[in-house]
Amino acid sequence: GSIDYIPIAPSSVVMFITLSVLLLISINLRESQITSTLVTLCVVIDILYCSTIFSQYFFNLNWDIEYIFVKNPQRFGNVFIGRMSPISALLFILVGIGILGTRRTNSGIVKYSGGTASLLVLLSSSVLLIGYIYKAPLLYGSNIIPVSLPSAICFLLYSITLLRIYELQFWTYNLIEENKVTNLLLKSFLPIVVFIVIIQGYLDTVISFNDINPPLTGALILFVVVILTVFIIFRISGIIGTQLLKAEQTLKESEKKYRVLVDNLGEGIGIVNTDEIFLFANPNAESIFGVSRGELIGRDLKEFFNKEQYLEITNQTKIRKEGLSSSYESELTHRNGIKQTILITAVPQYADNKEFIGTLGIFRDITERKLAEEALKEDERKLSKLNKDKDRFISILGHDLRSPFTALIGLSDILKENIQDFDVEEIKNIAGDINKTAQNTFNLLEDLLKWARSQQGKLPFNPQNLSLADICKDTAEVLKPGASAKNITINYLVPDGTIVFADIDMLKTVLRNLVSNAIKFTNNGGAINISAKQSESVITISVSDNGIGIIPENLEKLFDVGQILTTKGTADEKGTGLGLLLCKEFVEKHGGRIWVESEIGKGSDFKFTLPFFNKSLA
């Protein structure tokens, strides 16, 4: 019979049916572990069977394993045509490998191997069909055992089916994976080419007047094939072109949106490689790092951080190499020396092969926030201290107010109960004690009122250019009676023409309190000196005495609102304990400071600073 109509070998029929069933089971029931195992086992048995048939032809073995399916094979010339061709056996082996590769849990290498085997089956079956169509027996194995036409068609269908399953994941897939055009052309035109070849052969076979007018037949066949080819190509090209145009427009719109989003994002975004070199940076990142547009790419992070901060960054990179993201604060230094605190959120970046290739960093400038947090903490600390000091102050003040009122009540009770028995002199003495106690209490309340008003900011503050010598002279005159009672000399050693910039009432209060304290703690016959020394920006005013001095442990308590210190003078004088607190408040109101230097038995020297002559107010 004609070679075009060689019947398919029975063993090939069994193999096609078996592999078809196994492929359907593998695709539809792939979630079952037992099913997957059974399918794999059956495919392996089929591969071994076909390997045996292939081997016995090429190694002249006499196993005759194919007699299971056929007893008396037919001959075509000198070859058997009822038995499986070794070419078919090889193709069955490749199909089996292709089926094994379709499992979802397979590794990438196994999938690529299965896809490559499927591609080889496609190419081989195409050659077989071309051999039949163009009557080239050598192409379909007529010198061994020929592959029947149905077998060749079945192999072609198998290969196309497997390739569609694999989505072209064969050995060339890495080359075309990112190229959508090539991918689509391969998936669309490869089956078309095979289809056109088959159509041409079919028309050449079935048209009845081929023997009458061969040139006309060839022309008609060529015309039909060309028309079909042009139609299909135009149709598919239109579809592909539309898809490509839409894809290009979508890509441009997406890129535009991405660029607008990244460029206008409130945070800085940058990508660095494994060597901490910038590969990408948006404008906000360039602003944070203090460089011009486009200058950050190619720069090393090391240029912007000190050694300690850069070491922290490299340690964070080690964490990201383990697949972990992180957020941390760091401080960078600009070229002009300005330091900036930034919050860095770092996300690891990987290549397709899961290799660590760098870091995506999001940078936020938190300098103002950190300064605000530190200022808030400092305010909280000051407020807490102030509340504690005020609580202690009120407690001490309550005790100091209670004592004089207790004395007043006691003296007045004595006077009330014994006024008939006392003579005028005794009554005069008790009235004098009552007056002195009331005067001290009044002074305490007066100082307390001034201090409270200064704390609330309600005390008037009107600084002006003042003659320090005149203020010192007035203070000495006011306090002269108290000093004369103890035979104490007050010397003001301030040169005429010394001008200070101060509030006159506050300055007088400070000098009056300091000189009064000096009188209080100076022995009879002592001396008090008021002097001034001018430096570059301030005048240092000193009130010194040669009195009893202050013990070291009390020096720190003198200006502490939480520890009101009251000590009797050399003549048992009493104070309110608030005088030095007022001095501190008033001096600091002027931007100055106050301190004391003292030595037991040699006296004390209270000093404070004030701004000197203000030319703008002259």
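What counts and how
Residues numbered from 1 in each chain as written. Predicted model: local features only at pLDDT ≥ 70, side-chain atom pairs only at ≥ 80, totals over all residues. Heavy atoms only, no water. Helix = DSSP H or I, 4+ residues; strand = E, 2+ residues; numbered from the N terminus. Buried < 20%, exposed > 50% of the residue type's maximum accessible area, 1.4 Å probe, protein only. Contact = heavy atoms within 4.5 Å. Areas by Shrake-Rupley, 256 points an atom, 1.4 Å probe, with all protein chains shown as cover. Patch = residues over 30% accessible without salt bridge, like charges linked within 9 Å, V, L, I, M, F, W, Y side chains within 5 Å. Salt bridge = Lys/Arg side-chain N within 4 Å of Asp/Glu carboxyl O. Lys, Arg positive; Asp, Glu negative; His and termini not counted. Charge placed at Lys NZ, Arg CZ, Asp CG, Glu CD. Pairing = 2+ DSSP bridges. Axes fitted to C-alpha atoms, helices over the stretch in contact; angles between N-to-C directions. pLDDT = per-residue confidence, 0-100. Parallel < 35°, antiparallel > 145°, perpendicular 65-115°, else oblique. Nonpolar A, V, L, I, M, F, W, Y, C, P; charged D, E, K, R; others polar. Core = buried A, V, L, I, M, F, W, Y, C linked by side-chain atoms within 4.5 Å. Expected span 1.5 Å × (residues − 1). Polar contact = N/O pair within 3.5 Å; in protein donor to acceptor, adjacent residues only side chain to side chain. Bend = angle between axes of the 7 residues up to and from the residue. Phe/Tyr/Trp six-rings, centres within 6.5 Å; stacked < 30°, edge-to-face > 60°. Left-handed = near helix turned anticlockwise from the far one by under 90°.

S.K.: What is the right way to look at the overall build of the protein in this model?
M.R.: Counting its secondary structure elements, the protein contains 16 helices and 14 strands. Relative to its full complement of 618 residues, the protein shows a buried share of 38%. Counting only contacts in the protein whose residues sit at least 6 apart along the sequence, the fraction spanning at least 24 positions is 63%. Here the protein has roughly 35,700 Å² of accessible surface; of this, 59% comes from carbon and sulfur atoms.

S.K.: Just checking my understanding: could you explain a negative patch on the surface for this structure?
M.R.: Residues Asp 470, Asp 474, Glu 477 and Asp 496 make up a contiguous surface patch of negative charge. Among the secondary structure elements, Asp 470 is positioned in helix 13 (residues 468–485). On the basis of relative accessible area, Asp 470 is assigned to the partly exposed category, the value being 45%.

S.K.: Looking at this structure, I do not really get the sheet that holds strand 9 (residues 489–492). What am I missing?
M.R.: Pairing between the strands of a sheet comes from backbone hydrogen bonds, and it takes one of two forms, parallel or antiparallel. Reading across the sheet, the five strands line up as 9-11-12-14-13 and stay open at both edges, with mixed pairing between neighbours. Among the strands making up the open sheet, the edge pair consists of strand 9 and strand 13 (594–599). In this sheet, adjacent strand axes meet at a mean angle of 15° when their direction is disregarded. Relative to strand 14 (residues 603–611), strand 12 (residues 538–545) runs antiparallel, the two being bridged by seven bridges. Bridging from a neighbouring strand, Thr 540 pairs with Thr 609 of strand 14.

S.K.: Any chance you could explain the confidence of the model for the protein here in plain terms?
M.R.: Detailed reading of the predicted coordinates is not advisable wherever pLDDT falls low. Averaged over every residue, the pLDDT of the protein is 76; the share at 70 or more is 70%. Across residues 168–179, confidence stays below pLDDT 50; counting only partners more than four residues off in sequence or on other chains, it has 23 contacts.

S.K.: Mind showing me how you'd approach the pattern of salt bridges here?
M.R.: Two side chains of opposite charge can pair, provided their charged atoms sit close to one another. Enumeration over the complete set of coordinates arrives at 12 salt bridges. Here Glu 378 makes a salt bridge to Arg 381, at a shortest N to O gap of 2.5 Å. Of this pair, Glu 378 and Arg 381 are both found in helix 11 (residues 367–418), three residues apart, which corresponds to roughly one turn of the helix. Looking at Glu 378, the relative accessible area reads 31%, which means it is partly exposed. Note that Lys 607 is salt-bridged to Asp 605, the shortest N-O span being 3.8 Å.

S.K.: When you look at the packing of helix 1 (residues 10–28) against helix 3 (residues 86–100) in this model, what are you seeing that I'm missing?
M.R.: In a packed pair of helices, the relevant descriptors are the angle between the two axes and the axis-to-axis distance. For the pair helix 1 and helix 3, interaxial distance at closest approach is 10 Å and the crossing angle is 10°. Taken together, helix 1 and helix 3 sit at an angle that is classed as roughly parallel. Contact residues: Ser 12, Met 15, Phe 16, Leu 19, Leu 23 and Ser 26 in helix 1; Phe 92, Val 95 and Ile 99 in helix 3. Here the residues of the contact of helix 1 with helix 3 sort into seven nonpolar, two polar and no charged.

S.K.: Mind showing me how you'd approach the nonpolar core here?
M.R.: Nonpolar side chains tend to gather and get buried jointly when the protein is soluble and globular. In this structure, Leu 507, Leu 514 and Phe 608 are the most contacted members of the largest nonpolar core, which totals 39 residues. Going through the elements one at a time, helix 13, strand 10 (499–502), helix 14 (504–520), strand 11 (527–534), strand 12, helix 16 (579–589), strand 13 and strand 14 are the ones with two or more residues in this core. With eight residues, helix 14 is the single largest residue contributor to this core. Among all residues touching Leu 514, those that are not within four sequence positions of it are Val 543, Leu 580, Cys 583, Ile 594, Phe 606 and Phe 608. Core analysis: the next-biggest nonpolar cluster, separate from the first, contains 32 residues, Val 39, Met 84, Ala 89 and Ala 152 among them.

S.K.: Is there a simple way to think about the pairing of strand 13 in this case?
M.R.: On a regular strand, one side chain projects to one face of the sheet and the next to the other, so that they alternate. Where strand 13 meets strand 14, six bridges bridge the pair, whose relative direction is antiparallel. If you follow Val 596 over to strand 14, its bridge partner there is Phe 606. Where strand 13 folds back onto strand 14 in an antiparallel hairpin, the turn is made up of three residues, including Gly 601, whose phi is positive at roughly 85°.

S.K.: Looking at this structure, I do not really get a nonpolar patch on the surface. What am I missing?
M.R.: A grouping of Val 13, Ile 17 and Val 21 is seen on the molecular surface, where their side chains present a nonpolar patch of about 230 Å² in accessible area. By the secondary structure assignment, Val 21 is in helix 1.

S.K.: Before we go on, may I ask you to explain helix 14 in this structure?
M.R.: Three or four residues apart is the spacing at which side chains of an α-helix point the same way, because the helix has 3.6 residues per turn. With 17 residues, helix 14 should cover 24 Å at 1.5 Å per step; its first-to-last C-alpha distance of 24 Å lies within 8% of that length. Met 506, Leu 507, Thr 509, Val 510, Leu 511, Asn 513, Leu 514, Val 515, Ala 518, Ile 519 and Lys 520 are the residues of helix 14 that are buried. Structurally, the start of helix 14 carries an N-cap: the backbone nitrogen of Asp 505 is 3.1 Å from a side-chain oxygen of Asp 503.

S.K.: What is the right way to read the sheet that holds strand 7 (residues 356–365) from this model?
M.R.: Here five strands make up an open sheet; going across it, the order is 4-3-7-6-5 and the pairing antiparallel. Edge positions in the sheet fall to strand 4 (278–281) and strand 5 (326–333), since each of these pairs with one other strand and no more. Between one strand axis and the next, the sheet turns by 30° as a mean value, whatever way the strands run. This element, helix 10 (residues 307–321), spans strand 5, strand 6 (339–350) and strand 7 of the sheet and lies at about 155° to strand 5.

S.K.: Would you explain helix 13 in this entry?
M.R.: The end-to-end C-alpha distance of helix 13 is 26 Å, a good match for the 26 Å that 18 residues give at a rise of 1.5 Å each. Along helix 13, the sharpest change in direction is near 55° and occurs at Leu 479; proline Pro 481 comes one to four residues later. Within helix 13 the residues assigned to the buried category are Leu 468, Ala 469, Ile 471, Cys 472, Thr 475, Ala 476, Leu 479 and Ala 483. Each element contacted by the buried residues of helix 13 is listed here: strand 8 (464–467), strand 9, strand 10, helix 14, strand 11 and strand 12. The first or second residue beyond helix 13 is Asn 487, which carries a positive phi of 55°.

S.K.: What should I look at first to understand unusual backbone geometry in this one?
M.R.: In most cases, non-glycine residues show a negative phi, while peptide bonds are predominantly trans. At Glu 276, a position not held by glycine, the phi torsion is positive, near 65°. Along the chain, Glu 276 turns up in the loop between strand 3 (268–273) and strand 4. According to the relative accessible area criterion, Glu 276 is buried, its value standing at 4%. Positive phi, normally seen in glycine, also occurs at Asn 487, with a value near 55°. Positionally, Asn 487 belongs in the loop between helix 13 and strand 9. When its relative accessible area of 56% is taken as the criterion, Asn 487 is described as exposed.

S.K.: I keep staring at the packing of aromatic side chains and nothing clicks. Help me out?
M.R.: Summed over all chains, the structure comprises 10 aromatic pairs. With centroids separated by 5.0 Å and ring planes inclined at 75°, the aromatic side chains of Phe 289 and Phe 304 adopt a geometry described as edge-to-face. Placement of the pair is Phe 289 in the loop between helix 9 (283–288) and helix 10 and Phe 304 in the loop between helix 9 and helix 10, with a sequence separation of 15 residues. Note on Phe 289: relative accessible area 1%, which makes it buried. A residue is classified by how much of its surface remains accessible, and Phe 304, at 5% relative accessible area, is buried. Judged by centre distance (6.3 Å) and plane angle (75°), the ring pair of Phe 289 and Phe 305 falls under edge-to-face.

S.K.: How should the packing of helix 14 against helix 16 be read in this particular structure?
M.R.: Put simply, helix 14 and helix 16 touch, their axes get as near as 9 Å, and they point 145° apart. Crossing geometry of helix 14 relative to helix 16 is assigned as left-handed. On the side of helix 14, the interface is formed by Met 506, Thr 509, Val 510, Asn 513, Leu 514 and Asn 517, while helix 16 contributes Gly 579, Leu 580, Cys 583, Phe 586, Val 587 and Lys 589.

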